[in-house]
Amino acid sequence: MTRFPMTALSVLALTACGGSDDNSTTIAPADGTMTIDNDDDGTMTIFGDDAQAVVKTGAAANGGTADNLPDGFTAYPGAKIVLSVEGSEGEGKQGGMIAMETSAPPGKVIAFYRKQAENAGMEIESEGRFSGSEVMGARGDGLGVNVVANGGDDGTHVQIAYGD
């Protein structure tokens, strides 16, 4: 499950630099073919041999609802979604990431997601604080969720990564 997302993210970095009028790019990494469809609204869909990833940035992410988060999890109230990535590979392997910005302090954000994880029946496996950031990891029923809240002068940047 990790090879496709890493290749996809590398390709995203390369295609983001290009200025082609064509909204589709096909490449052939060593382990198969990958096609990237880039919509005008900031949505990119990456297709691999047995995998797919959807990346939303810009307008596509800003209007986002965080509906790709696992059951029981929602966007932090009032947060602005800046990036959304979701992917699948093979039968039943899914995961993703969502990035948000909020004016709430990191501790309040982590408490919000700790409660959501507990309400979803997950066990809190890790928590920590360091250099203005707070983290939390939870696991249950084959699903892992990690939340990082980085505090700074311009607010709190939140990243939620999940996968099974």
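This text goes with the structure placed above it.
All values derive from a computational prediction rather than experimental measurement.

### Structural notes on the overall build of the chain
Logical step 1: Broken down by element type, the chain carries 3 helices and 10 strands.
Logical step 2: Taken from the N to the C terminus, the helices and strands of the chain come in the order α-β-β-β-β-α-β-β-α-β-β-β-β.
Logical step 3: By the burial criterion, 38% of the 164 residues in the chain qualify as buried.
Logical step 4: Considering only intrachain contacts with a sequence separation of at least 6, the fraction spanning at least 24 residues in the chain is 42%.
Logical step 5: Put simply, the chain shows about 9000 Å² of open surface, and 49% of that area lies on carbon and sulfur atoms.

### Some words on the pairing of strand E6 (residues 93–102)
Logical step 1: One ladder, built from 9 bridges, connects strand E5 (residues 80–89) with E6; its direction is antiparallel. Directly across from Val85, in E6, lies its bridge partner Met97.
Logical step 2: Bridge count between E6 and strand E10 (residues 155–163): 8 bridges; the pairing is antiparallel. Its bridge partner being in E10, Met97 is matched across the sheet by Ala161.

### Focus: the environment of Gly144
Logical step 1: Note that Gly144 resides in strand E9 (residues 143–152).
Logical step 2: A sequence separation of 19 residues divides Gly144 from Glu125, and the C-alpha atoms of the two residues are 9.7 Å apart.
Logical step 3: Excluding residues that lie within four positions of it along the chain, Gly144 makes contacts with Ala138, Arg139, Ala161, Tyr162 and Gly163.

### Regarding the pairing of E10
Logical step 1: Pairing analysis gives 9 bridges linking E9 to E10, with the strands arranged antiparallel. Across the sheet, residue Gly151 finds its bridge partner in E10, namely Thr156.
Logical step 2: Taking the residues between adjacent antiparallel strands as the criterion, E9 and E10 are bridged by 2 residues.

### Re unusual backbone geometry
Logical step 1: Unlike most non-glycine residues, Ser131 shows phi in positive territory, near 45°.
Logical step 2: Its place among the elements puts Ser131 in the loop between strand E7 (123–130) and strand E8 (133–140).
Logical step 3: By relative accessible area, Ser131 is classed as exposed at 76%.
Logical step 4: The residue Asp141 is not glycine, and still its phi comes out positive at about 50°.
Logical step 5: Within the secondary structure, Asp141 is located in the loop between E8 and E9.
Logical step 6: Since its relative accessible area comes to 83%, Asp141 is described here as exposed.

Conventions used here
- Residues numbered from 1 in each chain as written.
- Predicted model: local features only at pLDDT ≥ 70, side-chain atom pairs only at ≥ 80, totals over all residues.
- Heavy atoms only, no water.
- Helix = DSSP H or I, 4+ residues; strand = E, 2+ residues; numbered from the N terminus.
- Buried < 20%, exposed > 50% of the residue type's maximum accessible area, 1.4 Å probe, protein only.
- Contact = heavy atoms within 4.5 Å.
- Areas by Shrake-Rupley, 256 points an atom, 1.4 Å probe, with all protein chains shown as cover.
- Pairing = 2+ DSSP bridges.

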